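One letter stands for each residue in the lines below.
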Amino acid sequence: MWKMTNSFAAEVGRRVRTLRRQNGMSLSELAKNASVGKATLSGLETGTRNPTIETLYAISGRLNVPLAVLLADPEPTGHLEEIHGTAVSATLLETFTDREVTSELYRVRIRPGVVQISPPHQRGVTEHLTVFAGVARVGPAAEPILLAPGEHTGWPADVRHMYAADNGVEVHGSLTIRHPVDEPGLPLLPHPRPCMP
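All values reported here derive from a predicted model rather than from experimental measurement. Each residue is numbered by its place in its chain's sequence as written, counting from 1. Local features in this predicted model are restricted to residues whose pLDDT is 70 or higher, and side-chain atom pairs enter the listing and the counts only when it is 80 or higher, whereas totals over whole chains, interfaces and linings include all residues. Side-chain numbers come from the whole structure's heavy atoms, not from hydrogens or water.

**Looking at the overall build of the chain**
The helix and strand tally for the chain stands at 5 helices and 10 strands. Buried residues are those whose accessible area, probed at 1.4 Å on protein chains only, stays under 20% of the maximum for their type, while exposed residues exceed 50% and partly exposed ones sit between those limits. In the chain, which comprises 197 residues, the share counted as buried stands at 47%. Here a residue-residue contact requires only that any non-hydrogen atoms of the pair lie within 4.5 Å. Here the contacts in the chain between residues at least 6 apart in sequence split such that 69% fall between residues at least 24 apart. Accessible surface computed for the chain: about 9,500 Å², of which carbon and sulfur atoms make up 54%. A run of H or I in DSSP becomes a helix once it reaches four residues, and a run of E becomes a strand once it reaches two; helices and strands are each numbered from the N terminus. Only the protein chains shown count as covering a residue, and every accessible area follows the Shrake-Rupley method with a 1.4 Å probe.

**Description of the pairing of strand E2 (residues 88-97)**
Across the 10 residues that make up E2, a large majority, 7, are buried. Pairing of strand E1 (residues 82-84) with E2 involves 3 bridges; the strand directions are antiparallel. The residue of E2 that forms the bridge with His-84 is Ser-89. Two strands make a pair as long as DSSP finds a minimum of two bridges between them. Connecting the antiparallel pair E1 and E2 is a turn made up of 3 residues. The pairing of E2 with strand E3 (residues 101-110) spans 9 bridges and is antiparallel. Directly across from Thr-91, in E3, lies its bridge partner Arg-107. Taken together, E2 and the strand that follows it, E3, pair antiparallel across an intervening segment of 3 residues.

**Overview of helix H3 (residues 38-46)**
Three- or four-residue spacings in an α-helix give side chains the same orientation, since the helix completes a turn every 3.6 residues. Every buried residue of H3 is listed here: Leu-41, Gly-43, Leu-44 and Glu-45. Of the residues flanking the end of H3, it is Gly-47, one or two places downstream, whose phi is positive at about 80 degrees.

**Considerations on the side chain of Thr-55**
Tracing the chain through its elements places Thr-55 in helix H4 (residues 53-63). Excluding residues within four positions of it along the chain, Thr-55 makes contact with Val-36, Thr-40 and Leu-44.

**Remarks on the sheet that holds strand E4 (residues 115-118)**
The 4 strands are arranged E4-E9-E6-E7 in an open sheet whose pairing can be described as antiparallel. Strands at the two margins of the open sheet, each flanked by one partner only, are E4 and strand E7 (145-147). Averaged over all pairs of adjacent strands, the angle between strand axes in this sheet comes to 15 degrees, irrespective of strand direction. Bridge count for strand E6 (residues 136-140) against strand E9 (residues 161-165) is 5 bridges, and the pairing is antiparallel. Looking at E9, one finds that Ala-136 is bridged to Ala-165. Under this scheme, a helix contributes an axis fitted over its contacting stretch, all axes are lines through C-alpha atoms, and angles between N-to-C directions fall in the 0 to 180 degree range.

**Re the pairing of strand E10 (residues 171-180)**
As paired elements, E3 and E10 share 10 bridges and run antiparallel to each other. Considered in E10, the bridge of Tyr-106 is made with Leu-175. Here strand E5 (residues 126-133) runs beside E10; their pairing, made up of 7 bridges, is antiparallel. Bridged to Ala-133 within E10 is His-172.

**Topic: the side chain of Glu-54**
Inspection of the secondary structure assignment puts Glu-54 in helix H4. For the buried Glu-54, which has no salt bridge, the nearest side chain bearing the opposite charge is Arg-111, at an N-O separation of 7.3 Å. Those residues within four positions of Glu-54 in sequence are excluded, and the remaining contacts are His-84, Gly-85, Thr-86, Gln-116 and Ile-117. Neither His nor the chain termini are counted; the positive set is Lys and Arg, and the negative set is Asp and Glu. Salt bridges are defined as contacts in which a side-chain nitrogen from Lys or Arg sits within 4 Å of a carboxyl oxygen from Asp or Glu.

**Describing the sheet that holds E1**
With respect to topology, 6 strands assemble into an open sheet ordered E1-E2-E3-E10-E5-E8, the strand pairing being antiparallel. The open sheet has two edge strands, E1 and strand E8 (152-156), and neither has a second partner. The mean inter-strand angle of the sheet, taken between neighbouring strand axes irrespective of direction, is 25 degrees. Lying on the sheet, H4 is in contact with E1, E2, E5 and E10; it crosses E1 at an angle near 90 degrees.

**Remarks on H4**
By the criterion of burial, H4 is predominantly enclosed, with 9 of the 11 residues buried. Among the residues of H4, Ile-53, Glu-54, Thr-55, Leu-56, Tyr-57, Ala-58, Ile-59, Ser-60 and Leu-63 are the ones counted as buried. Following H4 by one or two positions, Asn-64 has its phi on the positive side, about 60 degrees.

Written out as structure tokens, the structure reads:
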């Protein structure tokens, strides 16, 4: 079982709690809207639970913020945290924000033998994967795309979408998630983390 460092888990929990309160939502309301157990959300907010990518996406979607708002470290230490889902492990490397789009750049690994289904993200969100090693099956759950090493694709992420390693070998790649900035109250992303080799 993978585990976040205690300081990172506490910071993620603090951010979730702050954004929940800014949105005027009770813990019970956010848990229900994100389809997350109340005990799970409470543990996440106190830094005692180790959330999956799926849980964090469900929460960030209900808070209407990019995942990076929950993950980015305001005082980079040089240590990059990896978060994990059913099949995907991801490390936030950088965030870019302009007037129209917020982009999150992740280093990703897709483990073989399991499929990860991601619920729809906010309206207009797109994902873009470049594969460095392995063969990935990704994109809309109804029509996934097969990618070999060196190939790249993008897809609308405001529909159910999937990630799988297609040939039994772990996939390594980079994932960019692009969010349209059309909400006037969207929180600014913290300063990006340094990109470490």
